[in-house]
Amino acid sequence: MSVREEGATIPEFADRPLYSVGDGSRLDARVPDGPLELKWDNRRFENRLVAPANRRRHSVIVVGTGLAGASAAASLGEQGYRVSAFCIHDSPRRAHSIAAQGGINAASNFRNDGDSIRRLFYDTVKGGDYRSREANVYRLAQLSVNIIDQCVAQGVPFAREYGGLLDTRSFGGAQVERTFYARGQTGQQLLIGAYQSMMRQVHNGTVTLHPRREMLDLIVVDGKARGIVTRNLVTGALERHVADAVLLATGGYATAYYLSTNAVNSNVTAAWRAHRRGAFFANPCYTQIHPTCIPVSGEHQSKLTLMSESLRNAGRIWVPKKSGDRRLPSDIPDDERDYYLERKYPSFGNLVPRDVASRNAKEVCDEGRGVGESGLAVYLDFRDDIKRVGVDAIRARYGNLFEMYERITGEDAYTTPMRIFPAVHYAMGGLWVDYDLMSSIPGLFVLGEANFSDHGANRLGASALMQGLADGYFVIPYALANYLAGERFPVVAWDHPACEQAATESQARIDRLLAVGGRRTPREFHRELGRVLWDNVGMSRTDASLRLALGRIAELRTAFWKDVGVPGTSDNMNQGLEYAGRVADHLEFAEILTIDALHREESCGGHFREESQTPEGEALRDDDRYSYVAAWEHVGVGTPPVLHREPLEFVAVHPSQRSYK
């Protein structure tokens, strides 16, 4: 039975408003003046600089060593800053960035097919349903070409054509081939490039790597971010680290939904603890559902597996035309198949953006035309492309993905269509940042998926790697220098009152978790939270489902602190304790995610309110009321948050109803 059918009430929210509204004066995006094409050049010229001899006097903390964090640590270490990099894994090479399989976008126009910086900018703004900041997106498109050059110089083995030129392929939301790739391992190869660059700086002594550390709190001194509290995941010891600035590059929050394409260790904790210290959280309801995942197979699963969007280049998506048709796909003739994306969106076909493809897959499954035992899947069929180019060409491009699919499902996708279904994948929302990637806390910079800035309400495929590397290699070196050159940094010792407070509160939270002594595991609570969010704040949302979710989240959070059982102690390795802390943060974060979705009474990108759709069932925006970034201020758990609005202005691209027909 779905949560929507349980009829739960929401007494906790019956007698008070869900949120209050601030005046917005605390949001200054600091977008440079001048034409869009010159804003980044103007900012780089206007920025203050730190002389080479002075850089080694400054210390910087980087939390997270995926693509954004590793590239930032490598770049800043190369410039001479004293960098401390913190990794939740035993090695940065295990960061979740390796899971980005399909490719990385860049406006290089190697195909001579009409691509340009402006077109990549336009596709990204349109793909995000006009809910991103124009200036940030244009800068991303400008830097995309530099990223490819940087990675080639590092030795990243991008695919090449027969003549030796870099090869590209198509991805969703675009009509040009701008996606560079390394078979189905692009994220892994890019991460190796960033990792080896960072480790070179470790060898040189400019970067100190701290593996197996989890950030538990942000240290704020005189209103500025000056350090972090971490837990050593091997010894259990709490550690205090201070610096002149802190960079968060800790990824997204999709694991709040329990089943997602994210690694199980991915979590919201670092961003959420920074939010509790004053960093505004922007657009948390913008959570992406990826259309090309292996369907759920049972309660035993702790995550889902992504089949790269690049497969939509070669595969055709279809379902039977008749409801309840359970014949083998080979027994269903072409005239009884519905290639529904090609039928509804002839211009883009199977390469419509992810939110559009996901909603359409849900729609045909809701009609009873889904395939597989559960009926919650559609076919991704490579028959026609294999006939066109041959099985060897398909194997050369996607062989490792086909092998992974066969290992998981036992089916050969060369002869039988893949079964896919949408799953939670990426967080477009994140901590609010200005044009220079600085949060509402001075000195706290946020990079990659952990910030909100570039993707709006939906991310185009192959743009996550692009943003992470642009932020780390090319944006943060300028932005950080400008901040450091304009501030004074009195020495902060490990026993400073702010350090004492953060460490004491972190220990108190750990002690509280261990003291509950309940009967239910953290995983039980996490799985139940995931069901609540998927059923009510998933691919479609309604006023009723969102209010129901708020009530269930509050009940779950109360039950968690009464009945969670965490074995062991805090003074050694305790993975159950780690996991419990992350689940506790998800139970707090889920509330603001849902409030954000409830307050935004429009549909845009991945945020689909059933009350706001066109007659054709497409997302219907309300630009007059909601053309803004929703940045939320924390004022206490269970206390209504404060909404701050950053108006979105569109000069180069004028918002219109998205159409991929």
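Calculation notes
- Residues numbered from 1 in each chain as written.
- Predicted model: local features only at pLDDT ≥ 70, side-chain atom pairs only at ≥ 80, totals over all residues.
- Heavy atoms only, no water.
- Helix = DSSP H or I, 4+ residues; strand = E, 2+ residues; numbered from the N terminus.
- Rg over C-alpha atoms; globule rule 2.2 N^0.38 Å.
- Contact = heavy atoms within 4.5 Å.
- Areas by Shrake-Rupley, 256 points an atom, 1.4 Å probe, with all protein chains shown as cover.
- Lys, Arg positive; Asp, Glu negative; His and termini not counted.
- Charge placed at Lys NZ, Arg CZ, Asp CG, Glu CD.
- Buried < 20%, exposed > 50% of the residue type's maximum accessible area, 1.4 Å probe, protein only.
- Pairing = 2+ DSSP bridges.
- Axes fitted to C-alpha atoms, helices over the stretch in contact; angles between N-to-C directions.
- Expected span 1.5 Å × (residues − 1).
- Arc of directions from axis to C-beta.
- Phe/Tyr/Trp six-rings, centres within 6.5 Å; stacked < 30°, edge-to-face > 60°.
- Lys NZ or Arg CZ within 6 Å of the ring centre and 35° of its normal.
- Core = buried A, V, L, I, M, F, W, Y, C linked by side-chain atoms within 4.5 Å.
- Salt bridge = Lys/Arg side-chain N within 4 Å of Asp/Glu carboxyl O.
- Polar contact = N/O pair within 3.5 Å; in protein donor to acceptor, adjacent residues only side chain to side chain.
- Parallel < 35°, antiparallel > 145°, perpendicular 65-115°, else oblique.
- Left-handed = near helix turned anticlockwise from the far one by under 90°.
- Nonpolar A, V, L, I, M, F, W, Y, C, P; charged D, E, K, R; others polar.
- pLDDT = per-residue confidence, 0-100.

Another aspect to go through is the overall build of the protein. Counting its secondary structure elements, the protein contains 17 helices and 21 strands. Over its C-alpha trace the protein gives a radius of gyration of 24 Å, about what one expects of a compact globule, namely 26 Å for 661 residues. The principal-axis extents of the C-alpha atoms in the protein amount to approximately 75 × 60 × 50 Å. Residue pairs at least 24 apart in sequence account for 75% of intrachain contacts in the protein once pairs closer than 6 positions are excluded. Of the roughly 24400 Å² of accessible surface on the protein, a fraction of 49% belongs to carbon and sulfur atoms. The average position of the 78 basic charges and that of the 82 acidic charges among the side chains of the protein differ by 3 Å.

Here the focus is the pairing of strand S20 (residues 628-633). With six of its six residues buried, S20 lies for the most part within the structure. On S20, burial covers both faces: Tyr628, Ala630 and Trp632 on one face and Val629, Ala631 and Glu633 on the other are all buried. Note that S20 and strand S21 (residues 642-647) share six bridges and pair antiparallel. Its bridge partner lying in S21, tryptophan 632 is registered against leucine 643.

The backbone of asparagine 112 shows a phi angle near 55°, a positive value even though the residue is not glycine. Examined against the element boundaries, asparagine 112 turns out to sit in the loop between strand S4 (104-105) and helix H4 (117-127). With relative accessibility at 66%, the residue asparagine 112 sits in the exposed group. Non-glycine residue asparagine 283 carries a positive phi angle of around 50°. For asparagine 283, the location among the structural elements is in the loop between strand S12 (281-282) and strand S13 (287-293).

What follows deals with the sheet that holds strand S3 (residues 82-86). With parallel pairing, five strands are arranged side by side in an open sheet as S7-S3-S2-S11-S19. A strand with exactly one partner marks an edge of an open sheet, and here the two such strands are strand S7 (207-210) and strand S19 (444-446). Across the sheet, the mean angle from the axis of one strand to that of its neighbour is 20°, orientation sign disregarded. Lying on the sheet, helix H3 (residues 67-79) is in contact with strand S2 (59-63), S3, S7 and strand S11 (245-248); it crosses S3 at an angle near 165°.

This brings us to helix H13 (residues 497-516). For H13, with 20 residues, the first-to-last C-alpha span of 29 Å sits near the 28 Å given by 1.5 Å per residue. Inspection of H13 places Ala498, Cys499, Ala502, Ala503, Ser506, Arg509, Ile510 and Leu513 among the buried residues, and these make up the whole buried set. Down the axis, H13 shows its buried residues gathered within 135° of arc, on one side only. Summarising the geometry of H13, the exposed residues directed more than 90 degrees from the buried face are Pro497 and Ala515. Residues of H13 that are buried in the fold lie against strand S8 (213-221), strand S9 (224-232), strand S10 (238-242), helix H7 (269-276), helix H15 (543-563) and helix H16 (575-599). Once H13 ends, the next one or two residues include glycine 517, with phi positive near 65°.

Moving on to the packing of aromatic side chains. If you walk through the whole model with that rule in mind, you get 23 aromatic pairs. Both rings, one in tryptophan 40 and one in tyrosine 478, keep their centres 5.6 Å apart while their planes meet at 80°; by these two values the pair is edge-to-face. With tryptophan 40 in helix H1 (residues 39-46) and tyrosine 478 in helix H12 (residues 464-485), this residue pair connects regions lying 438 residues apart in the sequence. Summarising the aromatic geometry, the rings of tyrosine 483 and phenylalanine 489 are spaced 5.8 Å apart at their centres and angled 65° between planes, so their arrangement reads as edge-to-face. For the pair tyrosine 483 and phenylalanine 489, one class covers both residues: buried. Through a chain of ring-to-ring contacts, the aromatic side chains of Tyr253, Trp272, Phe281 and Phe589 assemble into a single cluster. Between arginine 645 and the ring centre of tyrosine 628, over which it is positioned, the NZ or CZ distance is 5.1 Å.

The next point concerns the nonpolar core. Grouped together as the largest cluster of nonpolar side chains are 178 residues, with contacts concentrated most on Ile104, Leu247, Met418, Leu444 and Phe445. Each residue touching methionine 418, except ones within four places of it in the same chain, is listed here: Met307, Leu311, Val378, Tyr379, Leu380, Phe382, Phe402, Tyr405 and Ala413. Ranked by size, the runner-up nonpolar core spans eight residues in total, among them Ile219, Val229, Val492 and Ala502.

Assignment of secondary structure puts arginine 231 in strand S9. Nearest to the buried, unbridged arginine 231 among oppositely charged side chains is glutamate 578, at 4.3 Å. A polar contact is formed between the side chain of arginine 231 and the backbone oxygen of asparagine 572, at a distance of 2.9 Å.

Before going further, it helps to spend a moment on the packing of H15 against H16. At a minimum axis separation of 9 Å, H15 and H16 run at an interaxial angle of 160°. With respect to their mutual orientation, H15 and H16 come out roughly antiparallel. Two packed elements cross with a definite hand, and for H15 against H16 that hand is left-handed. Seen from H15, the contacting residues are Asp543, Leu546, Arg547, Ala549, Leu550, Ile553, Leu556, Arg557, Phe560 and Trp561; seen from H16, they are Ala580, Val583, Ala584, Leu587, Glu588, Ala590, Glu591, Thr594, Ile595, Ala597 and Leu598. Grouping the amino acids of the contact of H15 with H16 by side-chain chemistry returns 15 nonpolar, one polar and five charged.

Read from one edge to the other, the open sheet built from five strands follows the order S1-S21-S20-S12-S18, with strand pairing classed as mixed. Across the chains shown, the open sheet's two edge strands, defined by having one partner strand only, are strand S1 (20-21) and strand S18 (430-431).

For the protein, the average pLDDT comes to 94, and 98% of its residues sit at 70 or higher. Below pLDDT 50 for its whole length, residues 1-9 participates in 21 contacts with residues either more than four positions away or in separate chains.

On to H16, then. Compared with an ideal rise of 1.5 Å per residue, which puts 25 residues at 36 Å, H16 spans 36 Å between its outermost C-alpha atoms and is within 8% of the ideal. Sitting at the head of H16, asparagine 574 places a side-chain oxygen 3.2 Å from the backbone nitrogen of glycine 576.

Oppositely charged side chains can pair when the atoms bearing their charge come close. In total, this model carries 66 salt bridges according to the counting rule given. With a closest N to O distance of 3.5 Å, arginine 94 and aspartate 90 form a salt bridge. Note on arginine 94: relative accessible area 52%, which makes it exposed. Here aspartate 325 ties to arginine 327 by a salt bridge, and the two come within 2.8 Å at their closest N and O atoms. Aspartate 325 sits in the buried class, given a relative accessible area of 9%. Classification of arginine 327 as partly exposed rests on a relative accessible area of 32%. The network of salt bridges with shared partners includes Asp129, Arg131, Asp355, Arg359, Arg600, Glu602, Arg621, Asp623 and Arg658.

Here we come to the packing of H4 against helix H5 (residues 134-154). One way to put it is that H4 packs onto H5 with a least axis distance of 9 Å and a crossing angle of 135°. Between H4 and H5, the angle falls in the class oblique. Of the two elements, H4 crosses H5, and the hand of that crossing is right-handed. Contacts from Ile117, Arg118, Leu120, Phe121, Thr124 and Val125 of H4 reach H5 at Glu134, Val137, Tyr138, Ala141, Gln142 and Ser144.

On to the pairing of S21. Two strands pair when backbone bridges link them, and S1 and S21 are joined in this way by two bridges, in the parallel orientation. Counted as the bridge partner of serine 20 is valine 642 from S21.

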